[in-house]
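Chain by chain, the residues:
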Amino acid sequence: MVEWITPEELPDLWDTAAGIDVELREDLLNAAEDACEAWLPAPDDPERPSDRTIRLAQLALVRGLWNDAIGGEDGTLGADGFDYNPPWLAREARRMMRPPRGGNSLPTGHDPEPEAA
């Protein structure tokens, strides 16, 4: 049974969370937990990652949800002409829960060794 991250412990794991209202932290954590549960292999599946990895995936999803909430329409963060487009953390969280196992391409669609043109 995964011990999901609580709103109270989130600021200890992610500094930005200290400035987020506790109720919103709970909403973000619940949304991330739902996403994790939907993506995870069954509890008895040997491919299921450790609970610690699942908690890290939940944290990555929370951070990604927050970045999406505060980002501009094009997904960038920043001001004064210094924009930053954060990585899509949902993809990284999914990879934590279901790492790629062999094959020709990664589930993200990225081909690590593209053919020469």
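Residues numbered from 1 in each chain as written. Predicted model: local features only at pLDDT ≥ 70, side-chain atom pairs only at ≥ 80, totals over all residues. Heavy atoms only, no water.

Asks: Would you take a moment to explain the confidence of the model for the chain for this structure?
Replies: Detailed conclusions should not be drawn from predicted coordinates in areas where pLDDT is low. Scored by pLDDT, the chain has a mean of 77; 64% of the residues are at 70 or more. The low-confidence segment residues 82-86 (pLDDT under 50) makes 13 contacts with residues lying over four places distant or belonging to another chain. (pLDDT = per-residue confidence, 0-100. Contact = heavy atoms within 4.5 Å.)

Asks: Where do I start with the nonpolar core in this structure?
Replies: Among soluble globular proteins, nonpolar side chains are generally buried collectively. Counting residues in hydrophobic clusters, the biggest one holds 21 residues, and the most contacted among them are Trp4, Leu10, Trp14, Cys36, Val62, Ala93 and Met97. Elements supplying a minimum of two residues to this core: helix H2 (22-39), helix H3 (51-70) and helix H4 (89-97). For this core, the element with the most residues is H3, which contributes seven residues. Not counting residues up to four positions away in its chain, the partners in contact with Trp4 are Glu9, Glu33, Cys36, Glu37, Leu40, Ile54, Arg55 and Gln58. (Core = buried A, V, L, I, M, F, W, Y, C linked by side-chain atoms within 4.5 Å. Buried < 20%, exposed > 50% of the residue type's maximum accessible area, 1.4 Å probe, protein only. Helix = DSSP H or I, 4+ residues; strand = E, 2+ residues; numbered from the N terminus.)

Asks: In this structure, what is going on with a negative patch on the surface? I would like to understand it.
Replies: Taken together, the side chains of Glu8, Asp21, Glu23, Glu26 and Asp27 define an acidic patch exposed on the protein surface. Examined against the element boundaries, Glu26 turns out to sit in helix H2. Classification of Glu26 as partly exposed rests on a relative accessible area of 39%. (Patch = residues over 30% accessible without salt bridge, like charges linked within 9 Å, V, L, I, M, F, W, Y side chains within 5 Å. Areas by Shrake-Rupley, 256 points an atom, 1.4 Å probe, with all protein chains shown as cover. Salt bridge = Lys/Arg side-chain N within 4 Å of Asp/Glu carboxyl O. Lys, Arg positive; Asp, Glu negative; His and termini not counted. Charge placed at Lys NZ, Arg CZ, Asp CG, Glu CD.)

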